[in-house]
Amino acid sequence: MGFDIEKYLGELQGLVINHGIKILIALLVLFVGLRIIKVVSNTLNKTMEKRGVDGSLRPFLTSLINVLLKVMLFISITQKIGVETTSFIAVLASAGLALGLALFGTLKNCAGGVIILLFKPFKKDDFIEAQGYTGTVHAIQIFSTILKTPDNKTVFLPNGSLSSGSLVNYSAETTRRVDMVFGVSYMANIDKVKSTLQSLVDSDKRLLKDPAPMIMVSSLGTDSVNFTMRL
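The structure displayed is predicted, hence computed values, not measured ones. (Residues numbered from 1 in each chain as written. Predicted model: local features only at pLDDT ≥ 70, side-chain atom pairs only at ≥ 80, totals over all residues. Heavy atoms only, no water.)

Draft legend 1. Structural context of the sheet that holds strand β6 (residues 179-184). The three strands are arranged β6-β8-β7 in an open sheet whose pairing can be described as antiparallel. Unpaired on one side and paired on the other, β6 and β7 (214-220) mark the two borders of the sheet. The average undirected angle you get between the axes of adjacent strands in this sheet is 30 degrees. By the bridge criterion, six bridges tie β6 to strand β8 (residues 225-230) in an arrangement that is antiparallel. Pairing of Phe182 across the sheet is with Phe227, part of β8. Contacting β6, β7 and β8, helix α6 (residues 190-203) crosses the sheet at an angle of about 25 degrees to β8. (Pairing = 2+ DSSP bridges. Helix = DSSP H or I, 4+ residues; strand = E, 2+ residues; numbered from the N terminus. Axes fitted to C-alpha atoms, helices over the stretch in contact; angles between N-to-C directions. Contact = heavy atoms within 4.5 Å.)

Draft legend 2. Representation of the pairing of strand β2 (residues 133-140). Sheet analysis places strand β1 (residues 127-130) next to β2, joined by four bridges and oriented antiparallel. When the sheet's bridge partners are listed, Phe127 is paired in β2 with Thr136. The hairpin formed by β1 and β2 contains two residues between the paired strands, and Gln131 there has a positive phi angle of roughly 55 degrees. In this sheet, strand β3 (residues 144-148) lies alongside β2 in antiparallel orientation, the contact comprising four bridges. Along β3, the bridge assignment pairs Val137 with Leu147. With antiparallel pairing between neighbouring strands as the criterion, β2 and β3 make up a hairpin whose turn holds three residues.

Now the structure itself:
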């Protein structure tokens, strides 16, 4: 039984031609795909910029879409070459699940940062109270929000807790009411105290007339009657 070299050369030539064509098609798909991904990323970034999406969020979303599109392109190219992608996708999904579990807290903060930047419950330079801290928003980052407290401390608040918890935004409205409490003796003339406070309110031109200031007895203390003047 002789060795038919022409037969094996023919088969080798067929394999080279077949796989060579697949590789050329894959390279063409890669070249065109990368160009399309670049155009899509640039278009997405410009669209978000025109619509006023926060500058901290734009690079993150653009990078995320860019990575997802490249992963899809890579899977498409492996299919063009003839590689079985079912097991590859299963391994990729398992790795993604393991990574997600390992980085659960980080991903939670990342998602919280996206929510804050999209829905904007507060913005830079707002004065807020949240998670037991009060201060001015210095920066909103993807994973955390930085506050500057009135005594000039820097506080880093994780966005995961910040986006899902309650907070007070003192800068949300252009005007705010202020409560001032005055304690007087039980022997004092209540009507005279109230009229005195009212005259002080009426004489101060800095106070807004709408909503109108309010003066009331708010509580009875152990040694004083407490008046609240709501301005």
